[in-house]
Amino acid sequence: MSSIALPAPRPRAWLTDVPVLAVAVVWGASYLAAKGVTTQSTVLAVLVLRFGIVLPVLAGAGLRALRALSAAQWRGAGLLGLILSGIFLLETYGVVHTSATNAGLIISLTMIFTPLAESALTRTRPSRTFLAAAGTSVLGVVLLTQGGGFTSPSTGDLLMLLAALARTVHVLAMARMRAVRGADALPLTTVQLGTAVVVFALLCAAPGTGAAPWDAAAAFGPADWAGLLFLSVCCTLFAFFVQMWAVRRTSPSRVSLLLGTEPLWAAAVGITLGGEKLGVMGVVGAVLVLAGTGWGRRSTS
């Protein structure tokens, strides 16, 4: 069997890869952590606390860059923040009503939805390879949500599917919105998260929307605080700064490839730490989702 000589990796490339892979791991674990901390009545409170904790750090680190944003960039980032708030609402309510494994795998469909939506906007036909990958992923999701036999998907599964679509809208809006082009990632992210926190706080203030943030915080035990700090510090603050650091030291494609392992870690954490069970049909579905999204990502690179 002949072999093909591959270019040698850059020295110490693993020093960049390991932190990026760690981001994928903590993102995968975030679904189980959110499920452990959040209930139907505390979704909004947890979101306010999760992002309210890290927002001052981001604002302080990027204060000069925030002041440099133009009025148009502030408006554009604010609009993106409204979309982002919708994503987090759908994801968090979704994970309350489905398994962490399902949540992590279904949200990975963003990698399929985004190229399909981009093809529709640019009126270009996706390749047959990509369409086959998309079909594989969709079939996988159908099987994944039918672990106990063919029934209607749960409310949480449908909310996660909507979250994947909302993520697609957010990605395309960031790429096509002229107002935010050229803006640094740090102030852009800070304004988006700040907008989202305002949305969550306003919803919290409305009657009948669940516990207030201070009431939820007062009821937290040590495990709840550990989960919340994991979501805030590791899944938000650590993840953001690692991405900013990594894209300056390696290629965006390499970062994307490593972060694309998130659904694999979501499934691993949900099954090993969360005690979740998929069943034979669910396992086949999970494999198809992972294979389809990976195949689709490679076909568009």
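Just so it is clear, the structure is predicted and the values come from calculations on it, not from any experiment. (Residues numbered from 1 in each chain as written. Predicted model: local features only at pLDDT ≥ 70, side-chain atom pairs only at ≥ 80, totals over all residues. Heavy atoms only, no water.)

Attention shifts here to the overall build of the chain. For the chain, the helix and strand inventory stands at 14 helices and zero strands. Helices and strands appear in the chain in the N-to-C order α-α-α-α-α-α-α-α-α-α-α-α-α-α. Taking 301 residues into account, the globule formula puts the C-alpha radius of gyration at 19 Å, and the chain, at 20 Å, falls close to it. Seen along its three principal axes, the alpha-carbon backbone of the chain occupies a region of about 65 × 50 × 40 Å. Looking at the 301 residues of the chain, the share that counts as buried comes to 48%. Within the chain, contacts between residues separated by at least 24 positions form 90% of all contacts whose residues are at least 6 apart in sequence. Accessible surface computed for the chain: about 15000 Å², of which carbon and sulfur atoms make up 68%. A gap of 13 Å separates the mean positions of the 20 positive and 9 negative side-chain charges of the chain. (Helix = DSSP H or I, 4+ residues; strand = E, 2+ residues; numbered from the N terminus. Rg over C-alpha atoms; globule rule 2.2 N^0.38 Å. Buried < 20%, exposed > 50% of the residue type's maximum accessible area, 1.4 Å probe, protein only. Contact = heavy atoms within 4.5 Å. Areas by Shrake-Rupley, 256 points an atom, 1.4 Å probe, with all protein chains shown as cover. Lys, Arg positive; Asp, Glu negative; His and termini not counted. Charge placed at Lys NZ, Arg CZ, Asp CG, Glu CD.)

Another point: the packing of helix H2 (residues 43–61) against helix H4 (residues 71–96). Where H2 meets H4, the axes come as close as 10 Å, and the angle between the chain directions of the two elements is 125 degrees. The orientation of H2 with respect to H4, classified from their angle, is oblique. Taken as a pair, H2 and H4 cross one another with a handedness that is right-handed. Contact with H2, carried on its side by Val 43, Leu 44, Leu 47 and Phe 51, involves Phe 88, Leu 89, Thr 92, Tyr 93 and Val 96 of H4 and no other residues of that element. (Axes fitted to C-alpha atoms, helices over the stretch in contact; angles between N-to-C directions. Parallel < 35°, antiparallel > 145°, perpendicular 65-115°, else oblique. Left-handed = near helix turned anticlockwise from the far one by under 90°.)

Moving on, we come to unusual backbone geometry. Positive phi, close to 55 degrees, is recorded for Arg 123, a residue that is not glycine. Inspection of the secondary structure puts Arg 123 in the loop between helix H6 (110–122) and helix H7 (128–144).

Ranked by internal contacts, the top residues of the largest apolar core, which has 24 residues, are Tyr 31, Leu 105, Ile 107, Leu 144 and Met 160. If you list the elements that add at least two residues to this core, you get helix H1 (14–37), helix H5 (100–107), H7, helix H8 (155–176), helix H11 (222–247), helix H13 (262–272) and helix H14 (279–299). Among the elements that line this core, the one with the most residues is H5, at five residues. If near-sequence neighbours (up to four positions away) are discounted, Leu 144 is found in contact with Asn 102, Leu 105, Ile 106, Leu 278, Gly 282, Gly 285 and Ala 286. (Core = buried A, V, L, I, M, F, W, Y, C linked by side-chain atoms within 4.5 Å.)

This paragraph deals with the confidence of the model for the chain. Across the chain, the average pLDDT comes to 86, with 91% of residues at 70 or higher. Taken together, the stretch residues 1–9 has pLDDT below 50 and engages in zero contacts with residues farther than four places along the chain or on a different chain. (pLDDT = per-residue confidence, 0-100.)

Let us now look at the packing of H5 against H13. To describe two helices that pack against each other, one gives the angle between their axes and the distance between the axes. It is the contact of H5 with H13, at a shortest axis distance of 8 Å, that shows an interaxial angle of 175 degrees. Comparing their axes, H13 and H5 come out roughly antiparallel. Residue-level contacts link Ala 100, Thr 101, Gly 104, Leu 105 and Ile 107 of H5 to Glu 262, Pro 263, Ala 266, Ala 267, Gly 270 and Ile 271 of H13. Classifying every residue of the contact of H5 with H13 by side-chain character gives seven nonpolar, three polar and one charged. (Nonpolar A, V, L, I, M, F, W, Y, C, P; charged D, E, K, R; others polar.)

One can find Glu 262 in helix H13. Despite its burial, Glu 262 pairs with no opposite charge, the nearest such side chain being Arg 167 at 4.3 Å. (Salt bridge = Lys/Arg side-chain N within 4 Å of Asp/Glu carboxyl O.)

This model, assessed by the stated rule, comprises four aromatic pairs. Summarising the aromatic geometry, the rings of Phe 240 and Phe 241 are spaced 5.3 Å apart at their centres and angled 70 degrees between planes, so their arrangement reads as edge-to-face. Relative accessible area serves as the criterion here: at 31%, Phe 241 is assigned to the partly exposed category. Taken together, the aromatic side chains of Phe 51, Phe 88 and Phe 200 make up a single cluster linked through ring pairs. (Phe/Tyr/Trp six-rings, centres within 6.5 Å; stacked < 30°, edge-to-face > 60°.)

Let's shift gears to H5. Of all the eight residues making up H5, eight are buried; the element is thus mostly covered by neighbouring parts of the structure. Among the residues making up H5, those that are buried are Ala 100, Thr 101, Asn 102, Ala 103, Gly 104, Leu 105, Ile 106 and Ile 107.

On to the environment of Cys 235, then. Among the structural elements, Cys 235 can be located in helix H11. For Cys 235, a relative accessible area of 6% corresponds to the buried category. Those residues within four positions of Cys 235 in sequence are excluded, and the remaining contacts are Val 26, Trp 27, Ser 30, Arg 50 and Phe 230.

In this section: the side chain of Glu 91. With respect to the secondary-structure elements, Glu 91 resides in helix H4. Taking relative accessible area as the criterion, Glu 91 reaches 12% and is therefore assigned buried. The contact partners of Glu 91, leaving out residues within four places of it in the chain, are Ile 107, Met 160, Ala 163 and Arg 167.

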